[in-house]
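Read off the chains here:
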Amino acid sequence: MDKISIVVSCLNEEDSIPLFYKEIKKVSNSMKNVTFEIIFVDDGSTDNTLSIIKSLRDEDKSVRYISFSRNFGKEAAMYAGLKASTGDYVTVMDADLQDPPKLIPKMYEYLTKEDYDIVGTRRVTRKGEPVIRSMFARLFYKIINSMSDIEMVSGARDFRLMKRYVVDSILSMKEYNRYSKGLFSFVGFKTKWLEYDNIKRVAGKTKWSFIKLFKYAIEGILSFTIKPLELPLFIGFIMELITIIMFIINIINKFNISLFYNISLLILFISGLLFICLGIISLYIAKDYLEDKNRPIYIIKEMDGKYEKK
Ligand code: UDP
Ligand code: MG
């Protein structure tokens, strides 16, 4: 019998958890050939989240939980939950029912009946969200996709059902600064996308302030592209190019040009050189940075007729 693990990261979700649990139970009871485990990860909540989870576990042993010593952030919570999961299929979900549990049977069907490794979900609308926030979100996806080699899908949720070997390959990336949207894209595999309209959270408040989202966006860019580090080199070359053009103009005019012109030329020449040197250092730092992450060089899906099990 197949087992599905559901990882739920929770920060102060005392109002949402009972509702979430009820909905999940409806779904799991309707799927007769599958067993479930629900792993709640209490990410340093300061309300009754943990005691509510514990009382659920008292009655239902398919409920498991992890409790952090303090708030480590959703990324860390997801990592811990994925690591603890034992299912053949694993999904991450928010506690606030913004990820509709009723999609799970359909997701499972795609993975078992068709040749997909991941079934992801994406919001195709952002209605109910502040306009400014969705504007910045769109801008962010434009920027990061133009800079990064792997594609970040706009509106993609962390809610995705994955086969075991996909989870294992995500866990094989042990970097400290985790930007899951990037990591999920990085591992590849055949993905089916299900689309749905934005759903408002069922209870409680969002844990993401604008500042927190902005930092998260910067994190994404820093983790998944080194393009900004190539900037000084580019600026340096442009400066030197201008210097050369100015010098040619100088020659044409038989060096009869104002002192100001020549001093500008000299300044431009020297700053250009500095930028180039800075750019070279940046490139080495970039190499080191990527090396430091210890990301796998490739991920094998299948070998000699067997799926990889790490
Ligand atoms: N969350 C968490 N740790 C944090 C922030 C959020 O575990 O530091 C959880 C939160 O409890 C929820 C999920 O991550 O289950 C998504 O957060 P939220 O719904 O506040 O984000 P939004 O849907 O508004 O983007
Ligand atoms: Mg939410």
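For the structure, check the block above.
First, a word on scope: everything that follows refers to the structure included in this document. This one's a predicted model, so the numbers in the text were calculated from it and none came from an experiment.

**Quick word on the overall build of the protein**
Working step 1: For the protein, the helix and strand inventory stands at ten helices and nine strands.
Working step 2: Its C-alpha atoms give the protein a radius of gyration of 25 Å, clearly above 19 Å, the size a compact globule of 310 residues would have.
Working step 3: Based on the C-alpha atoms only, the size of the protein along its principal axes is roughly 90 × 50 × 35 Å.
Working step 4: For the protein, buried positions account for 44% of its 310 residues.
Working step 5: If you average the places of the 46 positive and of the 38 negative side-chain charges in the protein, the two averages end up 3 Å apart.

**Remarks on the site of ligand 1**
Working step 1: Near ligand 1 you find 18 residues, and of these Glu13, Asp43, Gln98, Thr206 and Lys207 are the closest.
Working step 2: The separation between an oxygen atom of ligand 1 and a polar side-chain atom of Gln98 is 2.6 Å.
Working step 3: For ligand 1, the protein covers 93% of the area, taking 530 Å² as the surface of the free molecule.
Working step 4: In the shell around ligand 1, the residues fall into four nonpolar, five polar and nine charged.

**Description of the sheet that holds strand β2 (residues 34–42)**
Adjacent strands of a sheet pair through backbone hydrogen bonds, lying either parallel or antiparallel.
Working step 1: Read across the sheet, seven strands follow the order β3-β2-β1-β4-β6-β5-β7 without closing on themselves; strand pairing throughout is mixed. The two strands at the open ends of the sheet, each matched to only one other strand, are β3 (63–67) and β7 (191–196). Looking at each pair of strands side by side, their axes are set apart by 20° on average, direction ignored.
Working step 2: When β2 meets β3, the two strands line up parallel, connected through five bridges. Along β3, the bridge assignment pairs Asp42 with Ser67.
Working step 3: Against the sheet, helix α2 (residues 49–59) makes contact with β1 (2–10), β2 and β3, and its axis sits at roughly 150° relative to β3, the strand it touches most.

**Comments concerning the environment of Gly81**
Working step 1: Tracing the backbone through its elements, the reader meets Gly81 in helix α3 (residues 74–84).
Working step 2: The sequence separation of Gly81 and Ile66 amounts to 15 residues, and the corresponding C-alpha distance is 7.6 Å.
Working step 3: Excluding anything up to four places from it in sequence, Gly81 contacts Val7, Ile39, Val41 and Ile66.

**Structural notes on the coordination of the magnesium ion (ligand 2)**
Working step 1: Protein coordination at the magnesium ion (ligand 2): the donors are Asp96 (OD) and Gln98 (OE1), at 1.9 to 2.0 Å from the metal. Across the pair, Gln98 and Asp96 agree in class, each one buried.

**A short note on the packing of aromatic side chains**
Working step 1: Applying the stated criterion to the full structure yields eight aromatic pairs.
Working step 2: Ring plane angle 50° and centroid distance 5.0 Å describe the contact between Tyr179 and Tyr216, whose orientation is recorded as tilted. With Tyr179 in the loop between α6 (164–171) and α7 (180–187) and Tyr216 in helix α8 (residues 210–224), this pair connects stretches of sequence that are 37 residues apart. Tyr216 carries the same exposure label as Tyr179, and that label is buried.
Working step 3: Stacked on the ring of Phe72, the Lys or Arg Arg70 has its end atom at 3.8 Å from the ring centre.
Working step 4: Directly above the ring of Tyr116 sits Lys190, whose terminal nitrogen or CZ lies 4.9 Å from the centroid.

**Quick look at the pairing of strand β4 (residues 89–94)**
Working step 1: Among the six residues of β4, six are classified as buried, and the element is accordingly described as predominantly covered.
Working step 2: Of the two faces of β4, the one carrying Tyr89, Thr91 and Met93 and the one carrying Val90, Val92 and Asp94 are both buried.
Working step 3: As defined by bridge partners, β1 adjoins β4 across six bridges and the pair is classed as parallel. What sits directly across from Val7, in β4, is Val92.

**Quick word on the side chain of Thr225**
Working step 1: Within the element layout of this structure, Thr225 appears in the loop between α8 and α9 (231–252).
Working step 2: Judged by its relative accessible area of 9%, Thr225 falls in the buried class.
Working step 3: Here the side chain of Thr225 touches Lys227 through a polar contact of 2.8 Å, landing on its backbone nitrogen.
Working step 4: The contact partners of Thr225, leaving out residues within four places of it in the chain, are Met147 and Ser148.

**Brief notes about a nonpolar patch on the surface**
Working step 1: Residues Ile132, Met135, Phe136, Leu139, Ile143, Phe210, Phe214, Ile218, Leu222, Tyr289 and Leu290 make up a contiguous nonpolar surface patch of roughly 1,000 Å² in combined accessible area.
Working step 2: Per-element tally for the nonpolar patch: the top contributor is helix α5 (residues 131–147), with five residues.

**Some thoughts on α7**
Working step 1: The buried fraction of α7 amounts to six of the eight residues, a majority that puts the element mostly inside the structure.
Working step 2: Here α7 has its buried residues at Ser180, Lys181, Gly182, Leu183, Phe184 and Val187.
Working step 3: Check the buried side of α7 and you find it contacts α3, α5, β6 (156–163), α6 and α8.
Working step 4: A positive backbone phi angle near 75° is found at Gly188, which sits one or two residues after α7.

Quick notes on the rules
- Residues numbered from 1 in each chain as written.
- Chains lettered and ligands numbered in written order.
- Predicted model: local features only at pLDDT ≥ 70, side-chain atom pairs only at ≥ 80, totals over all residues.
- Heavy atoms only, no water.
- Helix = DSSP H or I, 4+ residues; strand = E, 2+ residues; numbered from the N terminus.
- Rg over C-alpha atoms; globule rule 2.2 N^0.38 Å.
- Buried < 20%, exposed > 50% of the residue type's maximum accessible area, 1.4 Å probe, protein only.
- Lys, Arg positive; Asp, Glu negative; His and termini not counted.
- Charge placed at Lys NZ, Arg CZ, Asp CG, Glu CD.
- Near = heavy atom within 4 Å.
- Polar contact = N/O pair within 3.5 Å; in protein donor to acceptor, adjacent residues only side chain to side chain.
- Areas by Shrake-Rupley, 256 points an atom, 1.4 Å probe, with all protein chains shown as cover.
- Nonpolar A, V, L, I, M, F, W, Y, C, P; charged D, E, K, R; others polar.
- Pairing = 2+ DSSP bridges.
- Axes fitted to C-alpha atoms, helices over the stretch in contact; angles between N-to-C directions.
- Contact = heavy atoms within 4.5 Å.
- Donors = N, O, S within 2.8 Å, 3.2 Å for Na, K, Ca; no water.
- Phe/Tyr/Trp six-rings, centres within 6.5 Å; stacked < 30°, edge-to-face > 60°.
- Lys NZ or Arg CZ within 6 Å of the ring centre and 35° of its normal.
- Patch = residues over 30% accessible without salt bridge, like charges linked within 9 Å, V, L, I, M, F, W, Y side chains within 5 Å.
- Salt bridge = Lys/Arg side-chain N within 4 Å of Asp/Glu carboxyl O.

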